[in-house]
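Coordinate analysis (summary)
In case you want the letters, here they are:
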Amino acid sequence: MLITVDGRQLVNFSSNDYLGFAGEPALAEAAKRAIDEFGVGAGASRLVCGTLAPHAALERRLAEFKNTEAALAFSSGYATAVGTLGALAGKNDVVILDKLCHASLVDGARLSGASLRVFPHNHLGKLESHLAWARKNEPAARVIVATESVFSMDGDRAPLREIAGLKERYGALLLLDEAHAVGVIGRHGQGLAQEEGVEVDIQMGTLSKALGAGGGYICGKRNLIDLLINRARSFIYSTAPPPAVAAAAHAAVDLLASDAGEERRQKLWANLGRFAENPASAIIPIAIGGEDTALAAARWLFEVGFFVPAIRYPTVAKGTARLRVTLSAKHTPEQVAALAEALGTLQQKFALHGKMPG
């Protein structure tokens, strides 16, 4: 997990490559074989002539991995969220979002034209009141609750069982973004829904984080996928992802589902256990507060050999700037210990409050 920035070699603690798959030879070899057979570009949108064998094979493998009837791959996670919500919701429908949902989900909800309601982060009471409002005021509406299993800037988990219970009670659909959970949580990294034993209507994810490739996907019922194929504008009107990327993603899913993949996942959790008490995910935020202080802290870490950029407004709320530490199975125990020691020094240097990891 070493990178070079301006001629300086740093230990990278900011990547979403949680399992180190991005540099895995098996993925590279799968991509090379696809290039040799299919070329570099897909040549057209999926519905014209851009659907090639690697795309179809990837979708079958994703559906198998997530235990769903079907799957659909998109060119990016952003395109997945915007296209899916735009296809499923319209002006007579209601989309209910956790306040900390990713920007792609927010944008998808807004662009759909549906009534948008936001509940405070993981606040089940307010979620229920929004659901009750929707059923009272829009009884014929399609109601979609959208949340993340692991939140990208806080690293905490959604109370998924309770959310699923509420959506069932009020006859809503649940869209769960597993971007930061797949590969990290659940049996063979299948995600939070698998770990919690919860049925999810629309399982969304990315192929570019723990899976180390690129693109996004939706898994669910066959009729859901058929609807998206015919109505998701970001799918219909985009050139298909390069076949090499689809082949690499397929290889990543195979690796993740193997014993070797599970061993890699356990190495990640061993590193997390060395770094923090009771981590919920591979994302460990270090609260700073002021944006200038967060930037200064990131610069200091850079100078002592660690790449941990500051996260600040508008990505997070004003006054909640932070250092977003992410760990990988590829970090050595020595690198993890060195970062923990550096954070202890940083806490004293910048007079930060609160307990540091380590």
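How each quantity is defined
- Along each chain, the written sequence defines residue order, and numbers are assigned to residues from 1.
- With the structure being a predicted model, the display of local features is reserved for residues of pLDDT at least 70 and the display and counting of side-chain atom pairs for 80 or more, all residues being used for whole-chain, interface and lining totals.
- Neither water nor hydrogens contribute to the side-chain values; these are computed over all heavy atoms in the structure.
- Only protein chains enter the calculation, and the probe is 1.4 Å; a residue is then buried if its accessible area is under 20% of its type maximum, exposed if over 50%, and partly exposed in between.
- Note on conventions: DSSP H or I runs of at least 4 residues are helices, E runs of at least 2 residues are strands, and numbering of each starts at the N terminus.
- Directions pointing from the helix axis toward each C-beta atom define the arc.
- Classification of ring pairs rests on two measures: the distance between centres of Phe, Tyr or Trp rings, Trp counted by its six-membered ring, which must be within 6.5 Å, and the angle between planes, read as stacked under 30 degrees, edge-to-face over 60 and tilted in between.
- Every angle, taken between N-to-C directions, lies between 0 and 180 degrees, and every axis is a line fitted to C-alpha atoms, over only the stretch in contact when it is a helix.
- By definition in this entry, angles of less than 35 degrees are roughly parallel, angles greater than 145 are roughly antiparallel, angles of 65 to 115 are roughly perpendicular, and the rest are oblique.
- By convention the crossing between two helices is left-handed if the near helix lies anticlockwise of the far one by an angle smaller than a right angle, and right-handed if it lies clockwise.
- The criterion used for residue contact is that any of the two residues' heavy atoms lie within 4.5 Å.
- Note that Gly is not counted as nonpolar here; it falls among the polar residues with everything else outside the nonpolar set of Ala, Val, Leu, Ile, Met, Phe, Trp, Tyr, Cys and Pro and the charged set of Asp, Glu, Lys and Arg.

**Observations concerning helix H7 (residues 160-169)**
Given 3.6 residues per helical turn, the α-helix brings residues three or four places apart onto the same face. Within H7, burial applies to Leu160, Ile163, Ala164, Leu166 and Lys167. One side of H7 holds all its buried residues, which, seen down the axis, span an arc of 160°. Those residues of H7 that are exposed and angled more than 90 degrees off the buried face are Arg161, Glu168 and Arg169. Looking one or two residues past H7, glycine 171 carries a phi angle of roughly 65°, positive in sign.

**Considerations on the packing of aromatic side chains**
A full pass over the atoms with the stated rule returns 2 aromatic pairs. Their ring planes at 50° and their centres at 6.1 Å tell us that phenylalanine 13 and phenylalanine 306 sit as a pair that is tilted. Of the two residues, phenylalanine 13 is situated in the loop between strand E2 (8-12) and helix H1 (25-38) and phenylalanine 306 in strand E11 (residues 306-307); the sequence distance between them amounts to 293 residues. We note that phenylalanine 13, like phenylalanine 306, is buried.

**Section: the packing of helix H12 (residues 259-275) against helix H14 (residues 333-349)**
Two numbers describe how H12 lies on H14: the axes approach to 9 Å, and their chain directions differ by 25°. With respect to their mutual orientation, H12 and H14 come out roughly parallel. Judged by the sense of rotation from one axis to the other, the crossing of H12 with H14 is right-handed. When H12 is examined against H14, the residues Asn271, Arg274 and Phe275 are found in contact with a partner set consisting of Pro333, Val336, Leu339, Ala340 and Leu343. By residue class, the composition of the contact of H12 with H14 is 6 nonpolar, 1 polar and 1 charged.

What is shown is where atoms sit, not what they do.
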